[in-house]
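A look at the structure
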Amino acid sequence: MARGRSSSSSSSSRWRYCNPAYYLKRPKRLALLFIAFVCATLVVWDRQTLVREHEVELSKLQEEVLELRNVLEDSKDVRRIQRRTKREALPMEDPIDQERREKVREAMIHAWSSYENYAWGQDELQPQTKSGVNSFGGLGATLIDSLDTLYIMGLEEEFQRAKEWVANSLDFNKDYDASVFETTIRVVGGLLSAYDLSQDKVFLEKAQDIADRLLPAWDTPTGIPYNIINLAGGNPRNPGWTGGNSILADSGTEQLEFIALSQRTGNPKYQQKAENAILALNKSFPDNGLLPIYINPDTGSTSYSAITFGAMGDSFYEYLLKVWIQGNKTATVRHYREMWEKSMKGLLSLVKRTTPSSFTYLCEKSGYSLTDKMDELACFAPGMIALGSFGYGPEESKKFLSLAEEDMTVGTSWNILRPETVESLFYLSRLTGNKTYKEWGWNIFQAFEENSRVEGGYVGLKDVNTGVKDNMMQSFFLAETLKYLYLLFSPPSVIPLDEWVFNTEAHPLRIVTRKEGEDLGNRDAQKKPVILFRNRRAGRLPNRDN
């Protein structure tokens, strides 16, 4: 009880401080309480003010951080643009070139859509009758020949449809006696070019398939190949009309493709087969570098036949130069350049000029006699000479470039949309910067549009004087003629000549540096697809980011 009373008394004593009457009787304590209240109020108010100020400051800092982040991202974009601009180094493009390039692209769309509509999967289109024909055993020659042209022109949907056909429908197991030369330059070359541009493995696998079927053609005592082989059964041979001989161009125009195939697959057998033929020819290569068009594949000896830079001779000389370029001009491929330079000495002995017009042409030679004949296939020569002129010293370079720039004339009255003249204009334009060649190319294109375009595609002329049309759209019109015209009006950064080399069917292949004794490996495995176009808008400037 006593403990309880004491607790109650203590509790009452504490609660008296809460009674206002207590402070009214004690003014000093009231003053102290008031001062304490004011101080506490000030402290609380100050802390709240500080929090609000900190929140404002924090918000400002967050805004500044966001601005700095945006500035940083903009700076990165600027640096990326600067790097890309520096890498591409493209001058302001001539709007006339843009317009002309788009016209050529439209022509390709007309030619391709006609092929799709009337001859899909067949070798070539007959535009007048709107039907297809299998000129090369049903290998889809026009389709394969057009793959890289579609890619370069940015015709993405068309390229994808063509790729699907290659993946699902292209079959080489055919009982067909194929030309080793034509199959190599069109099919192997077209597939490898599509692979080099897109890096899609289906093209490489198909190229390897057809090349394996061609390889037995090189199984001769000399390594100089037979020119015909059955795709299903092998059995290589030469045509009867050559007397059992191999043709010079047909035997010396597979090196670019088979070297590239070995580099891409890491399998040296393709390169070895193709280069053995050149080694055999180089054993008895004449000082003037000119070979007759018929060669015995068993002995390597030449027969009494024409020497020409036209049909059956032309691309042999072209590939001597281009294999040197393909190997990036190293010592390993120097012998190709040396053989080519000998051939150019011989070429000078075939140069003649008309009178009084003074047009330049290349004669053909039989024995010691010259024949005043230059067929349209030889019109590739100015481009080849210009391309090779830059490997000489200053004096010789100037001499050969001047020869390349001389007006040349041919003696044929037909036109089947061949590319050789446009090819030379492309090289001369790229290498000299002379705009005259673009004007000449544009005139040629306009003539094609006026005289060779029909509802079902493009046709050749049996006679340019009468304008009588044939019924064939050659696959090389899409593979070569339109491609070279398109590139003629494109910036030099589109398929630059220091990164790519064109085979004789205008299929660009990547330049890969060759070194003595180097293991091939799979040297293209890490390449990225070539980016040429961002969209399909007319006149959009091509670009490459890789």
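Residues numbered from 1 in each chain as written. Predicted model: local features only at pLDDT ≥ 70, side-chain atom pairs only at ≥ 80, totals over all residues. Heavy atoms only, no water.

Concerning the overall build of the protein
For clarity, the threshold we go by: By definition, any uninterrupted DSSP run of H or I lasting at least four residues is a helix, any uninterrupted run of E lasting at least two residues is a strand, and each is numbered from the N terminus. Only protein chains enter the accessibility calculation, which uses a 1.4 Å probe. A residue is then buried if its area is under 20% of the maximum for its type, exposed if over 50%, and partly exposed in between. Contacts are residue-level and defined by heavy atoms, with any inter-residue pair within 4.5 Å sufficient. In short, Shrake-Rupley with a 1.4 Å probe defines the accessible areas, and a residue's cover is counted only from the protein chains shown.
From N to C terminus, the protein includes 18 helices and 17 strands. Looking at the 546 residues of the protein, the share that counts as buried comes to 50%. Restricting the contact set of the protein to residue pairs at least 6 apart, pairs at least 24 apart contribute 69%. By element, 52% of the accessible surface of the protein is carried by carbon and sulfur atoms, the whole surface being about 25900 Å².

Structural notes on the UniProt feature "binding site: Ca(2+)" (unreviewed entry) in the protein
Counted only if it meets this: UniProt positions are given in the numbering used here, feature names are shortened, and annotations may be inferred rather than shown by experiment. N or O atoms closer than or at 3.5 Å make up a polar contact, with two conditions inside protein: a donor-capable atom paired with an acceptor-capable one, and, for residues adjacent in sequence, both atoms drawn from side chains.
The UniProt feature table records "binding site: Ca(2+)" (unreviewed entry) at T504. Looking at the secondary structure, you find T504 in the loop between β16 (500-502) and β17 (508-510). Judged by its relative accessible area of 16%, T504 falls in the buried class. Look past the residues within four positions of T504 in its chain and what remains in contact with it is I185, T253, S315, E318, Y319 and E480. Only 2.8 Å separates the side chain of T504 from the side chain of E318, close enough to count as a polar contact.

Side note on the pairing of strand β5 (residues 234-237)
Convention followed: The rule for pairing is simple: two strands pair if DSSP sees at least two bridges between them.
Bridge count for strand β4 (residues 228-230) against β5 is two bridges, and the pairing is antiparallel. Opposite N230, over in β5, you have G234 as the bridge partner. From the end of β4 to the start of β5, which pair antiparallel, there are three residues.

Some remarks on the packing of aromatic side chains
As a reminder of what qualifies: Between the rings of Phe, Tyr and Trp (Trp by its six-membered ring), a pair exists once the centres lie within 6.5 Å; its type follows the angle of the planes, with under 30 degrees stacked, over 60 edge-to-face, and the other angles tilted.
Tallied over the full model, the rule gives 22 aromatic pairs. Summarising the aromatic geometry, the rings of W112 and Y115 are spaced 5.5 Å apart at their centres and angled 40° between planes, so their arrangement reads as tilted. Of this pair, W112 and Y115 both sit in helix α4 (residues 95-119), three residues apart, roughly one helical turn. Using a relative accessible area of 1% as the deciding quantity, one classes W112 as buried. On the basis of relative accessible area, Y115 is assigned to the buried category, the value being 0%. Three or more aromatic residues joined by ring pairs make a cluster, and in this case those are F285, F309, F316 and Y317.

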